[in-house]
Amino acid sequence: MTILDGKKVSNDIKNEIAEEVKKMKALGEKVPHLAAVIVGNDGASLTYVGSKVKACERVGFESTMIRMSNTTSEIELLDKIEELNLNDDIDGFIIQLPLPKQIDTQKVLMSVDPDKDVDGFHPMNFGKMALDMSTFIPATPFGILELLDRYNVETKGKHTVVIGRSHIVGRPMSILMGRKGFPGNSTVTITHSHTKNITQITSQADIIISALGVPNFLKAEMVKDDVVIIDVGITRVVDETSPKGYVITGDVDFENVSKKASFITPVPGGVGPMTIAMLLKNTLLARELRHK
Ligand code: GUN
């Protein structure tokens, strides 16, 4: 069994990006600038955005974090997005999700300039991805592809089962794994809350990508020997004995499933750090597109 070490690979990627930034600086070029908008006070979202800003510093990017109150109206957020669209210094930006209830998420994502949409959530970029055109691939699916690539995990002709159909992970992942090329060329089954007898499906999978958000959902009895496991779950589970009062728990019963798996991502330290590294990669790409 091999651990797909997202922490290590993401560090390698950050080092590669830092080298690129050094070259830009030596040539007197502008370094990439990422902005992140966060609306409200959700603890997990604040942690994620904080990590994204820290990662920018680590590779030498400029970053701007924009905090807006929980009572922000849709129009206020749309005005802020317009400002970022027009700000020539900013190469790419993200709107951290989820957004408060009074705001229409789809409307907001559609107002982001597709050339600055480093999350790849704009319908134009999502459509390009589905049509195999060059574009920003959403950071978490992009990170999973990169992990499979760097560990040379065979995907061609394999049966990939995706658990969850979110717009951020499950849906794009199901498209990407079925695309021509590597990683890809898989036969993909996408499962969700209405799927009947999920064990019958997961037990036929060569690769399982779980993005459900239910701690320890996937048990050893649900998978076959030598399965490849990608665990995208990051749920905070209350644990009085840990310093923070919670532990981050994946969708997979790691202790038992890892005994049957050929490759498996840990939580934490698997997919999570890859997401941030790939957001940096997309920001680098956005800057290249804007300055060539
Ligand atoms: N919320 C959970 N994951 C993500 C992500 O990748 N991007 C944004 N913007 N929000 C998220």
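Since the model is a prediction, treat every value here as computed from it, not as a measurement. (Residues numbered from 1 in each chain as written. Predicted model: local features only at pLDDT ≥ 70, side-chain atom pairs only at ≥ 80, totals over all residues. Heavy atoms only, no water.)

J.: Hey, could you run me through the site of the ligand in this one?
T.: Every residue close to the ligand is listed here: Lys-52, Ile-95, Gln-96, Leu-97, Asp-119 and Phe-121. One of the backbone nitrogen or oxygen atoms of Ile-95 is found 2.8 Å away from a nitrogen atom of the ligand. Here a nitrogen atom of the ligand and a backbone polar atom of Leu-97 are 3.0 Å apart. Compared with its free state, where it exposes 280 Å², the ligand has 83% of that area covered by protein. (Near = heavy atom within 4 Å. Polar contact = N/O pair within 3.5 Å; in protein donor to acceptor, adjacent residues only side chain to side chain. Areas by Shrake-Rupley, 256 points an atom, 1.4 Å probe, with all protein chains shown as cover.)

J.: Please clarify how unusual backbone geometry should be interpreted in this entry.
T.: Leaving glycine out, the prevailing phi sign among residues is negative, and the prevailing peptide bond configuration is trans. Residues Phe-182 and Pro-183 are joined by a peptide bond in cis, for which omega reads -10°. Here the amide bond leading from Val-267 into Pro-268 is cis, since omega sits at -5°, within 30 degrees of zero. Looking at where Pro-268 falls in the secondary structure, it is placed in the loop between β11 (263–264) and α10 (271–291). At Asp-132, a position not held by glycine, the phi torsion is positive, near 65°. Of note, Asp-132 is situated in the loop between α5 (123–130) and α6 (139–150). Exposure remark for Asp-132: the relative accessible area of 47% places this residue in the partly exposed category. (Helix = DSSP H or I, 4+ residues; strand = E, 2+ residues; numbered from the N terminus. Buried < 20%, exposed > 50% of the residue type's maximum accessible area, 1.4 Å probe, protein only.)

J.: I keep staring at the pairing of strand β7 (residues 207–210) and nothing clicks. Help me out?
T.: Consecutive side chains of a regular strand alternate in pointing toward one face of the sheet and then the other. The alternating pattern of β7 places Ile-207 and Ile-209 and Ile-208 and Ser-210 on opposite faces, both of which are buried. Bridge count between strand β5 (residues 159–163) and β7: four bridges; the pairing is parallel. Opposite Ile-163, over in β7, you have Ser-210 as the bridge partner. Note: β7 against strand β8 (residues 228–231), four bridges, orientation parallel. Within β8, the position partnered with Ile-207 by the bridge is Val-228. (Pairing = 2+ DSSP bridges.)

J.: Is there a simple way to explain a nonpolar patch on the surface in this structure?
T.: Taken together, Met-1, Ile-3 and Phe-254 make up a surface patch of nonpolar side chains, about 260 Å² in accessible area. Mapped onto the elements, Ile-3 comes out in strand β1 (residues 2–3). (Patch = residues over 30% accessible without salt bridge, like charges linked within 9 Å, V, L, I, M, F, W, Y side chains within 5 Å. Salt bridge = Lys/Arg side-chain N within 4 Å of Asp/Glu carboxyl O.)

J.: I'm lost on the sheet that holds strand β4 (residues 92–95) in this one. Help?
T.: Strands belonging to one sheet form pairs held by backbone hydrogen bonds; the direction of such a pair is parallel or antiparallel. Strand order in the open sheet formed by three strands is β3-β2-β4, and the pairing between neighbours is parallel. In this open sheet, the two edge strands, each paired with only one partner strand, are β3 (62–68) and β4. Averaged over all pairs of adjacent strands, the angle between their axes in this sheet comes to 15°, without regard to strand direction. Inspection of the sheet shows strand β2 (residues 33–39) paired to β3 by seven bridges, in the parallel sense. The residue bridging Leu-34 from the neighbouring strand is Ser-63, located in β3. Those strands touched by helix α2 (residues 43–59) are β2, β3 and β4, and its axis lies near 160° from that of β3. (Axes fitted to C-alpha atoms, helices over the stretch in contact; angles between N-to-C directions. Contact = heavy atoms within 4.5 Å.)

J.: So what exactly am I meant to see when it comes to helix α3 (residues 74–86) here?
T.: Because the α-helix completes a turn every 3.6 residues, residues three or four places apart line up on one side. An ideal rise of 1.5 Å per residue puts 18 Å on 13 residues; α3 measures up with 18 Å between its terminal C-alpha atoms. Every buried residue of α3 is accounted for by Glu-74, Leu-77, Leu-78, Lys-80, Ile-81, Leu-84 and Asn-85. Looking straight down α3, one finds its buried side chains confined to an arc of 160°; they lie on one side. Exposed and oriented more than 90 degrees from the buried face of α3 are Ile-75 and Leu-86. Where α3 is buried, its residues meet β2, β3, β4 and α4 (105–110). (Expected span 1.5 Å × (residues − 1). Arc of directions from axis to C-beta.)

J.: Please clarify how the pattern of salt bridges should be interpreted in this entry.
T.: Where side chains of opposite charge bring their charged atoms close, a pairing between them can arise. Inspection of the entire model under this criterion finds twelve salt bridges. Among the ionic pairs, Lys-30 bridges to Asp-91, the shortest N-O distance being 2.9 Å. Residue Lys-30 is found in the loop between α1 (6–26) and β2, and its partner Asp-91 is found in the loop between α3 and β4; the two are separated by 61 residues along the sequence. Judged by its relative accessible area of 24%, Lys-30 falls in the partly exposed class. In this structure, Arg-290 engages Asp-88 in a salt bridge whose closest nitrogen and oxygen atoms are separated by 3.5 Å. Of the two residues, Arg-290 is situated in helix α10 and Asp-88 in the loop between α3 and β4; the sequence distance between them amounts to 202 residues. Owing to a relative accessible area of 27%, Arg-290 belongs among the partly exposed residues under this scheme. By relative accessible area, which is 60% here, Asp-88 ends up exposed.

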